[in-house]
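If you want the building blocks of each chain, they are given just below.
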Amino acid sequence: MASKAVYSHRDPMLKKRDDFEDILEDRRNSSDLRYALRCYAPVLYKELTPCTAGGLKGLVLQSDQLRYVIGQVSKETGVTVEDVQAEASAILDEMAHRLQLSTVRFFAFMLCKVFKALFRSICVNEEGIQRLQQAIHEHPVVLLPSHRSYMDFLLMSYLLYTYDLALPVIAAGMDFMGMKVVGEMLRMSGAFFIRRSFGGDKLYWAVFSEYVKTMLKNGFAPVEFFLEGTRSRTAKSLTPKLGLLNIVMDPFLKGEVFDVCLVPVSISYERILEEALYARELLGVPKPKESTSGLFKARKVLSEDYGSIHVYFGQPVSVRSLAEGRVNRGQFNLTPRHIPRRPGEDVGVFVNAAAYRLVRAQEENMVLKPWVLLASLLLQNQPAGRGPGQGLTLEELTQQAAWLRDLARQFGAFLHWPGTAPPGSGTMPGLCATETTHKGTSVKNNSPCPEGGAGAPEEELLRRAVVVLSCASYRNQGLHVFLRPALLASALRTASSSRKRQRPPPSSPRCHGDHPDVFNSFTFLRNVFSNEFILCPGAAVQDFEEACYLLGKNGALQAGQQDILVTERGRRTLAFLAKLLDPFLQGYQATEGLTEKQFVPAVRAFVIKQLLTGRLGYVEALSSDLQKNALAALLRLDAVQKLKGGEAPGTLKVNAVVVNSLEDTLGGSLPTQKAAVARL
Amino acid sequence: MASDSNGGSSDSQRIAQHRLSVIAGHLQRPAEGYTALLAAECKAQGSKPDVSSDERTVPRRRQEIMKWNGWGYSDSRFLFNKKGQAEFTGKRYRLSGMIIPGLRDWMESTFGANLQHKTPAVPVLNSSVVQPPTLNEAFVGELKSTGIPFSHDVEDRVFRAHGHCLHEIFALREGKIGRIPDMVVWPNCHNDVVKIVELACKHNVCLIPYGGGTSVSSALECPPEETRSIVSLDTSQMNRILWIDEKNLTAHVEAGIVGQDLERLLNESGYCTGHEPDSMEFSSLGGWVATRASGMKKNIYGNIEDLVIHVKMVTPRGVIEKSCQGPRMSTGPDIHHFILGSEGTLGVVTEVTMKIRPMPEYQKYGSVVFPSFEQGVACLREVARQRCAPASIRLMDNEQFKFGHALKPQVSSIFTSFLDGLKKFYITKFKGFDQDRLCVATLLFEGNRERVLQHEKQVYDIAAKFGGLAAGEDNGQRGYMLTFVIAYLRDLGMDYYVIGESFETSVPWDRVLDICRNVKARIVRECKDKGVQFPPLSTCRVTQTYDAGACVYFYFAFNYRGLADPVHVYEQVEHAAREEILANGGSLSHHHGVGKLRKEWMRETVSNVGVGMLKSVKDYVDPDNIFGNRNLL
Ligand SMILES: Cc1cc2nc3c(=O)[nH]c(=O)nc-3n(C[C@H](O)[C@H](O)[C@H](O)COP(=O)(O)OP(=O)(O)OC[C@H]3O[C@@H](n4cnc5c(N)ncnc54)[C@H](O)[C@@H]3O)c2cc1C
């Protein structure tokens, strides 16, 4: 399934990446107003059929696709065609953007001010911009930015405007619509709004997909959406959602356009605006509903320093090359193309695989600041009694950071490491700017919790958890770099510990081939964590090979013809890597007969208890994101079944056999195994 | 158009003459005064043929009039004269002897070709590179005793070893000869064929029927793995019209007759078949049946399967034919459909009863310019919906439109360069149109004069709804002329590093635009990927309309300077283009057939069971694979 076009570098060290330019520099030296009013004449799609936003609506309503579905819906429901049509038209009104250059100019002007206040720099790879410009000229383009902040899409439009590129239309969640003025402003800057869920609503789906396809096919504008579906609260990439990706690939698969260009964009924030909100949200304080007044309250963030942003426009990916040899396009030959039809299995597999590749492409070009590595180290060395580590002195931290930097580089991380200055000194804005996280966890001797911690132990725990989760959100930005080797490290640990239990200790742990247990536990872990991390379905062997390759190259493992040895100096690397996953491993160990809705609160209560009694070591286990992923994994692995119907629909039923075997493997490497098993 | 011949001609001659100009649309050859009957009748033939003329286009020794390594007549070719102007030689065509001022410009700007960079063909066939024939002595011995002429002369054999695919002609130009037939036989009639097939079965000799040699599917290529003696059965001497039935409007014709002779001879009696494939100067009736050919005027006359009333085919099992000439039958699957498209794998078509029509009293060319190809296609679709397509209606894309202009001969224009001509054309007529988007449809109306004029109006009215403006008869006529000279032009291109080919498909209406766009773009992309140094010419036209779809032709050519193996690159690109066609809902072929070139896609095209059916027919009819050209399956 390896797709050359998306992911081609066997050796991450060889990856050639473009240089960045700071676009704020210009803004600080010349008039924002003139900038906002300057001549804007972007390169357009060569086969563009010019059309207004209003004309677009007509095209959609007149399309064979929509007319067909309207007819169907009318037949099924007995509502007249005219009424269904009116409904479709209303849906379209609710959805449609009203992209307007004047609004964009207004935003551009405002954003200049805001960005300059918030950020030190906004760095963009201009070669990527050039590639994008060419892509826009040649083919319909889909922009796929990573999603960490509300800022993302304003930022994207701002950048495209700055570089004189065609302004995108952006799929946005309906929640923005609540904010009347802002909602309308966003509409006029190119956002179109989709309901969060419209499960079985055929008409809605038809209007929506036809709207997107029409814009794409006609080359009206680049279509932008977030593969991850929603903002990642953890700074880890989220499992991609396939709905929109399916829609934008459809015109190619059905031959309506020659190709579609997908452009992954990686937006790396040194510090995310929503940082503090996210941690609370993950701990169960519900997310505040987006409202205009809320946004204004957010004004106080203006006075803070959010460091810099790096935006990397990735290599455009041709859907045509992606699909070559994977999809039989002939499958659409025997029915009229406007009749909605479930595409073949090959299409499903293809879109899913493509989605993962694209998210990985986003991950790969994420720029990592030193703080990301520091956070990883600090989290592994939390002060005694609160976690498995002992805390670090500044010196130790500095020394370890240098070590980790080299490791990360070897693994192909895209590091932004200012100069050669030692980490921890003033050159790292991240460390200073993120004072919330800085408090509590970092350096030895620091009080582990905020002053006046007179509250109940549970409260104190939660307070500490906020800090840890914020810190984790930094570590998470770099997880993808270490993920595969870390899975291998964990697998090696499991394999060797289970061997210890069963037979005399072997001379060394070995790798797959002659020692299938390592590979098996690797695949097992990979499987368990496939909701947690971006692991392309069906790529276990490649991932394993990549892990072996990286660790081999780094010298941590020595690959013989037959087996793989952990070298002396490799122990440190492997220990670090294995520990990186421990919070997740631990977090995945808990559940009993609960309904899905109850799941998160119940697990939370349980986890709190375990943490307070010291049986669980990682407060990260409190993250609702992690718990949801764990549940999804358990469901997927049949360890837990959701009961349908009966007295208590939605109740989760535990499959003891599967859970036990899961426990064996997960717990085998954890000190808390007993406690977790006891609960099950 | 054929220029009027010998001054004052009689009335009947005038009609015939006029008709002639309709047929080939390009032949300059004057109507010969015909002699009443052909003396040389087949020995086995009891009766004398009804219609005949001693003037036959195709002699046994084709090399006497045709090129051995290129298209068409030896005397007709494009070349750049000493002044560097393009010129078409000979006397046969309307374009013959004329200067075509725009062609050089067009070739240079379209392909980056250069008169300094020549790639001449080897001038003569070097017989030493030809494998000596593998003769089956017993077969030859018995054949001799029948008196049927045969030959194992090198030139005769080489001539029958190929069709007109690019790779076939390219190899000849380089003097490369692969497996070729070991001998050639010229049966004179049906019974001769029966004898030859019997002998071939008896002595296990491989037979390959040869009609006009215009195949573009590698159908005539000898399978290199064939170890038996290969005999090319050349039908060209079976070229008589045996009778004409005016009551039923049918004619019974020997299958080796080539299109231009068939039309000319029928015209002499005031009739025509109306079947005019672009290759009609050289392709044969048997070849049409064997490949399911399609003629330009099928809208009036139908394709070959609509024209055939009765067919006689000699197979290793004996002769297959129907017992009557009923216009339609319900007698199980139509056995004609085993024969139509059999591509020489089952037997030899020897005689065909065909529908004929009185010659049309009036014909008129026309053309319409559309602002864009999209609008042109929409117009053709509407014309098809209203079922009012003229005898022929073809829509060229923008590139072909320009190409058409490049071929304007000097006399008709004062412009020195083709671009000047183009500019003038826009300025004078089509101001609002974008010269890089507009496209042209060419039309041919035929029939009763009043009805033609009525019909014409109807079509122009529809065109107007799609933004089409009438652009005159001249442009229409030139469009049709282009069809006949394009094969000659390819040879010119090959003299200057340019290779190319056309291929076709049929596709439902709703996919026409998509397939045109995607296949053209695919060609461009593949060329780039394969290292072609110059942007290729990648163009298309819609050449036929049907109720449910259209026939689309793609033309593809590129400058191969800098490529080590241009033919291989060419084949890869064509292969990719075919994949693209299939992925976009196009058929494997509308009329060129499958041959060996497109065999690999047969299974997906007709399903496993379909292939099984065809196989079982082959196994029954020809268990020893006497007709061993290995086409189709
Ligand atoms: C410039 C050009 C233009 C063309 N335009 C058209 C067009 O407009 N429409 C169209 O349909 N095709 C067209 N063709 C393709 C070609 O002319 C047709 O396929 C034609 O029907 C082939 O006839 P032929 O007599 O030349 O057959 P050949 O090329 O000699 O043979 C073709 C196949 O038919 C078999 N065959 C020939 N004669 C017999 C017979 N008597 N009995 C059994 N099998 C036989 C041969 O074995 C071979 O497999 C064109 C080709 C060229 C080069």
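Since this is a predicted model, take the numbers as computed values, not measurements.

1. Concerning a nonpolar patch on the surface
Argument step 1. Together, V606(B), L614(B) and L633(B) make up a nonpolar patch on the protein surface, roughly 190 Å² of accessible area in all.
Argument step 2. With respect to the helices, strands and loops of the structure, V606(B) is situated in helix α19 (residues 602-621).

2. A few points about the state of the cysteines
All names here are of chain B.
Argument step 1. For the structure shown, the criterion picks out zero disulfides over all chains.
Argument step 2. Distance from the sulfur of C206, which forms no disulfide, to the nearest cysteine sulfur (C222) is 7.4 Å.
Argument step 3. Classification of C206 as buried rests on a relative accessible area of 0%.
Argument step 4. Here C379 stays unpaired: no disulfide links it, and the sulfur of C388, its closest cysteine neighbor, is 8.6 Å away.
Argument step 5. In this structure C379 comes out as buried when scored by relative accessible area, which is 2%.

3. Thoughts on the interface of chain B and chain A
Argument step 1. Counting residues at the interface gives 13 residues for chain B, matched by 17 residues for chain A.
Argument step 2. Approximately 1,200 Å² of surface area, both sides summed, lies buried where chain B meets chain A, with 32% of it carried by carbon and sulfur atoms.
Argument step 3. Considering only the side of chain B, the residues that lose the most area to chain A are R511(B), R517(B) and R525(B), jointly responsible for 42% of the buried surface there.
Argument step 4. Connecting chain B to chain A are six salt bridges.
Argument step 5. For the salt bridge of D514(B) with R337(A), the shortest nitrogen-to-oxygen distance reads 2.8 Å.
Argument step 6. Taken together, the links from chain B to chain A amount to eleven residue pairs in polar contact (both at pLDDT 80 or more).
Argument step 7. The greatest single-element share of the side of chain B that touches chain A, amounting to six residues, is contributed by helix α17 (residues 512-529) of chain B.
Argument step 8. A breakdown of the residues in the side of chain B that touches chain A according to their chemical character gives three nonpolar, three polar and seven charged.

4. Structural notes on the domain arrangement of chain A
Residues and elements named next belong to chain A.
Argument step 1. By domain assignment, chain A separates into domain 1 (15-271 + 306-365), domain 2 (368-476), domain 3 (479-585) and domain 4 (590-679).
Argument step 2. Listed as interface residues are 14 residues of domain 2 and, on the opposing side, ten residues of domain 4.
Argument step 3. Summing both partners gives a buried area of about 970 Å² for domain 2 against domain 4, and 74% of it is carried by carbon and sulfur.
Argument step 4. Where domain 2 packs against domain 4, one counts one salt bridge.
Argument step 5. Two residues, E620 and R475, come together in a salt bridge whose shortest N-O distance is 2.6 Å.
Argument step 6. At the junction of domain 2 with domain 4, the criterion picks out one residue pair in polar contact (both at pLDDT 80 or more).
Argument step 7. Sort the elements by how many residues they give to the side of domain 2 that touches domain 4 and helix α20 (residues 457-477) lands first, with ten residues.
Argument step 8. Taken together, the residues that form the side of domain 2 that touches domain 4 break down as nine nonpolar, one polar and four charged.

Calculation notes
- Residues numbered from 1 in each chain as written.
- Chains lettered and ligands numbered in written order.
- Predicted model: local features only at pLDDT ≥ 70, side-chain atom pairs only at ≥ 80, totals over all residues.
- Heavy atoms only, no water.
- Patch = residues over 30% accessible without salt bridge, like charges linked within 9 Å, V, L, I, M, F, W, Y side chains within 5 Å.
- Areas by Shrake-Rupley, 256 points an atom, 1.4 Å probe, with all protein chains shown as cover.
- Salt bridge = Lys/Arg side-chain N within 4 Å of Asp/Glu carboxyl O.
- Helix = DSSP H or I, 4+ residues; strand = E, 2+ residues; numbered from the N terminus.
- Disulfide = S-S within 2.5 Å.
- Buried < 20%, exposed > 50% of the residue type's maximum accessible area, 1.4 Å probe, protein only.
- Contact = heavy atoms within 4.5 Å.
- Buried area = accessible area lost by both parts, 1.4 Å probe.
- Polar contact = N/O pair within 3.5 Å; in protein donor to acceptor, adjacent residues only side chain to side chain.
- Nonpolar A, V, L, I, M, F, W, Y, C, P; charged D, E, K, R; others polar.
- Domains from an automatic or database assignment.

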